[in-house]
Amino acid sequence: MGGMGVIKRSLLAAALIGMVATPASAQWRLPCLIGGYCITFVSPEYAARPVQPLNPAAALAEVNAFRTKNGRGLVVLDARLTKAAAMQSEAQAKRSRIGHYGPDGSRPKDRAARAGYRAKIASENAASGQKSFSDVMQSWAGSAGHRENLLRPQVTAIGVAMAKDLGGRPYWTLVLGAELK
């Protein structure tokens, strides 16, 4: 019990220091530790900003710019992977909790198959709370597991979606795939 109190106090102190020591628009992030989950502390100004609607074509351009900058090939936007991403974003928003398992225990490859995509590879990046896809990409670029998914050389297509829970919190999902020939 005492150990958990120390952890809680340490996180609170880190959050307060981060909020005071950074500009109002900045985010302060703890390293991603367990299972790719990250904690980001944001300023009140950032928290008050509205969520930007998802523009799939702009998201594709950001993913391709990131991949190109890191020596990887371009990907295309696939409607079936977008449907798989939407399934997961909607499930996360409905339960107000981020995760890679669907309510029925499904994984990214299962959802891709349900959407009609015969995946050789189907990996997934999920995020919650960011105000724009650009902010999400920044978070994923700083997380080893998410970055690895973004830069998989075999990936040829993506699908992207965002859904909000009843409180307006966004749940972002990016499915990256390569189809069986």
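Residues numbered from 1 in each chain as written. Predicted model: local features only at pLDDT ≥ 70, side-chain atom pairs only at ≥ 80, totals over all residues. Heavy atoms only, no water.

Caption draft 1: Quick peek at the sheet that holds strand β5 (residues 157-164). Here four strands make up an open sheet; going across it, the order is β3-β5-β6-β4 and the pairing mixed. Each edge of the sheet is formed by a strand with only one pairing partner; in this case those strands are β3 (76-77) and β4 (119-128). Bridge count between β4 and strand β6 (residues 170-179): nine bridges; the pairing is antiparallel. Across the sheet, the residue bridging to S123 is L176, located in β6. Packing against the sheet, helix α3 (residues 56-69) makes contact with β3, β5 and β6, and its axis sits at approximately 130° to β5. (Pairing = 2+ DSSP bridges. Helix = DSSP H or I, 4+ residues; strand = E, 2+ residues; numbered from the N terminus. Contact = heavy atoms within 4.5 Å. Axes fitted to C-alpha atoms, helices over the stretch in contact; angles between N-to-C directions.)

Caption draft 2: How the structure looks around unusual backbone geometry. The backbone of S96 shows a phi angle near 50°, a positive value even though the residue is not glycine. With respect to the secondary-structure elements, S96 resides in the loop between α4 (79-95) and α5 (108-114).

Caption draft 3: Structural view of the packing of α3 against helix α6 (residues 133-141). Interhelical geometry of α3 versus α6 gives an angle of 30° and a closest axis separation of 10 Å. Comparing their axes, α6 and α3 come out roughly parallel. Judged by the twist between their axes, the crossing of α3 over α6 is right-handed. Contacts from A59, E62, V63 and F66 in α3 reach F133, S134, M137 and A141 in α6. Of the residues belonging to the contact of α3 with α6, the class tally is six nonpolar, one polar and one charged. (Parallel < 35°, antiparallel > 145°, perpendicular 65-115°, else oblique. Left-handed = near helix turned anticlockwise from the far one by under 90°. Nonpolar A, V, L, I, M, F, W, Y, C, P; charged D, E, K, R; others polar.)

Caption draft 4: Representation of the pattern of salt bridges in the model. Evaluation of the coordinates by the stated rule reveals five salt bridges. One salt bridge in this structure joins R80 and D78, with 2.9 Å as the shortest N-O distance. Salt-bridge contacts for R80 lead to E179; the nearest nitrogen and oxygen are separated by 2.8 Å. Of this pair, R80 sits in helix α4 while E179 sits in strand β6, placing them 99 residues apart in sequence. (Salt bridge = Lys/Arg side-chain N within 4 Å of Asp/Glu carboxyl O.)

Caption draft 5: Expanded view of the environment of G73. Residue position: G73 is located in the loop between α3 and β3. As a C-alpha pair, G73 and T156 span 83 residues in sequence and 8.0 Å in three-dimensional space. When near neighbours in sequence (up to four residues on either side) are disregarded, G73 contacts N64 and R67.

Caption draft 6: Region of interest: the packing of aromatic side chains. Within the structure shown, the criterion is met by two aromatic pairs. An angle of 80° between the planes, with centres 6.1 Å apart, marks the rings of F133 and W140 as edge-to-face. Grouping residues by exposure puts F133 and W140 together as buried. Members of the aromatic cluster, connected to one another through ring pairs, are F133, W140 and W172. Sitting above the plane of the Y101 ring, R107 keeps its charged end 4.4 Å from the centroid. (Phe/Tyr/Trp six-rings, centres within 6.5 Å; stacked < 30°, edge-to-face > 60°. Buried < 20%, exposed > 50% of the residue type's maximum accessible area, 1.4 Å probe, protein only. Lys NZ or Arg CZ within 6 Å of the ring centre and 35° of its normal.)

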